[in-house]
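# A structural walkthrough
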Amino acid sequence: MAFLGDYHTHTTFSRRGAKKHAVGSVLDNAFAAKKAGLTELAITDHGFCHYYGIDGEGAFAKLKEACKQAEALTGVKIYAGLENNLDQRSGKNKDLPALMECTPETLEKLEIVQGGYHAMVGTPTIFRNMLFWTRNVIFKFWPSKKLIARNTEAYKRAIDEYPIDFIGHLNRGIIADAVEVAKYAHERGVYIELNGRHKSLNKKQIKKMVEAGVQFICNSDAHKPESVGKMPVAVKMIKKYGIPYSQIANWDKLPEFRSQSFQVARRQKNGEVIDG
């Protein structure tokens, strides 16, 4: 019995100029995954607007090709993805999209889609995101029902509007109704991540999610190859809070991701012709 996949890892594609956010190439992560006995791996470097975001469509094309080559060399199934973030306006203005971190063209090319939150990602401007980040820091200690409701709505809109496969480190750095988000995600086939590095959910929240049948996915959030497949914080939470392994999507089985079927359904809804 073991984890068969790790779907949240970073490489040197996450960078700002010469300054790297992670160490190790796609191939380094792939070999580490093989050594750890994993069947599948995802590379989810930061979205275009993150401070250490991947450098546009050209860089993503190179990442995807690197994933293809690494898969051929190692035999590990590798998904090319991005770690996208909530737009701070999306819970307030219903005319604005919930994710702003890659172009529609790139979104179509993603093989796995992670949704979540990071501070100051530059959408729509650094200044406005600093205000958003500051509000979440302040109201973490004095919870604002209005902000919680707005953030909760932002998560839900992202799930509805984009082919998100899992929510990464839910409620890390942001305050939302995590249980409501998790239930909403579960009803739509979206996994809730148990992050291998960060604890962002408490015992009470986890218990309610388990009771609701929420499906979790454990990931390393590796920023170096030797961390691929290692999920100490997630494993501790599973044992401490009694999370059934039957509700862990990548424990002794492989998860089913909704992104491909989501995009097909969206195109059909829009009246587009589906080849094949």
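Here's a quick rundown of the structure. The structure presented is a predicted model; accordingly, all values stated were derived computationally and were not measured. (Residues numbered from 1 in each chain as written. Predicted model: local features only at pLDDT ≥ 70, side-chain atom pairs only at ≥ 80, totals over all residues. Heavy atoms only, no water.)

### Examining the environment of Ser-25
Inclusion rule: Here a strand is any run of E in DSSP of at least two residues, a helix any run of H or I of at least four, and the numbering for each starts at the N terminus. Think of it in three bands: with a 1.4 Å probe and only protein chains considered, a residue is buried below 20% of the maximum accessible area for its type, exposed above 50%, and partly exposed in between. We call two residues in contact when some of their heavy atoms are within 4.5 Å.
Mapped onto the fold, Ser-25 is located in the loop between β3 (19-20) and α1 (26-35). Look at Ser-25 and you get partly exposed, because its relative accessible area is 27%. For the pair formed by Ser-25 and Pro-225, sequence separation is 200 residues and the distance between their alpha carbons is 8.1 Å. Contacts of Ser-25, omitting those with residues within four sequence positions, involve Thr-11 and Thr-12.

### Focus on a positive patch on the surface
How we decide: Here, patches come from residues exposed beyond 30% relative accessible area and free of salt bridges, joined within 9 Å for like charges and within 5 Å for nonpolar side chains (Val, Leu, Ile, Met, Phe, Trp, Tyr). Under the convention used here, a 1.4 Å probe and the Shrake-Rupley method define accessible areas, while residue burial counts only the protein chains that appear. Every case where a carboxyl oxygen of Asp or Glu lies within 4 Å of a side-chain nitrogen of Lys or Arg is listed as a salt bridge. Here Asp and Glu are counted as negative and Lys and Arg as positive; His is not counted, and neither are the chain ends. Think of each charge as sitting on NZ of Lys, CZ of Arg, CG of Asp or CD of Glu.
Among the surface-exposed residues, Lys-199, Lys-203, Lys-207, Lys-236 and Lys-240 lie close enough to one another that they form a single positively charged patch. Listing elements by their share of the positive patch, those giving two or more residues are α7 (203-211) and α8 (232-241). Mapped onto the fold, Lys-199 is located in the loop between β8 (191-195) and α7. In this structure Lys-199 comes out as partly exposed when scored by relative accessible area, which is 48%.

### A short note on unusual backbone geometry
The phi angle at His-169 is positive, at roughly 25 degrees, despite the residue not being glycine. Tracing the backbone through its elements, the reader meets His-169 in the loop between β7 (166-167) and α6 (178-187).

### Section: the sheet that holds β7
How we decide: Each pair of strands is called paired provided DSSP finds at least two bridges between the two strands. For helices, the fitted line uses only the C-alpha atoms of the stretch in contact; every axis is such a line through C-alpha atoms, and the angle between N-to-C directions lies from 0 to 180 degrees.
In space, the seven strands of this open sheet follow the order β1-β4-β5-β6-β7-β8-β9, with parallel pairing throughout. Across the chains shown, the open sheet's two edge strands, defined by having one partner strand only, are β1 (5-6) and β9 (216-219). Across two bridges, the pairing between strand β6 (residues 112-116) and β7 is parallel. Its bridge partner being in β7, Gln-114 is matched across the sheet by Phe-166. Contacting β4 (40-46) and β5 (77-85), α1 crosses the sheet at an angle of about 145 degrees to β4.

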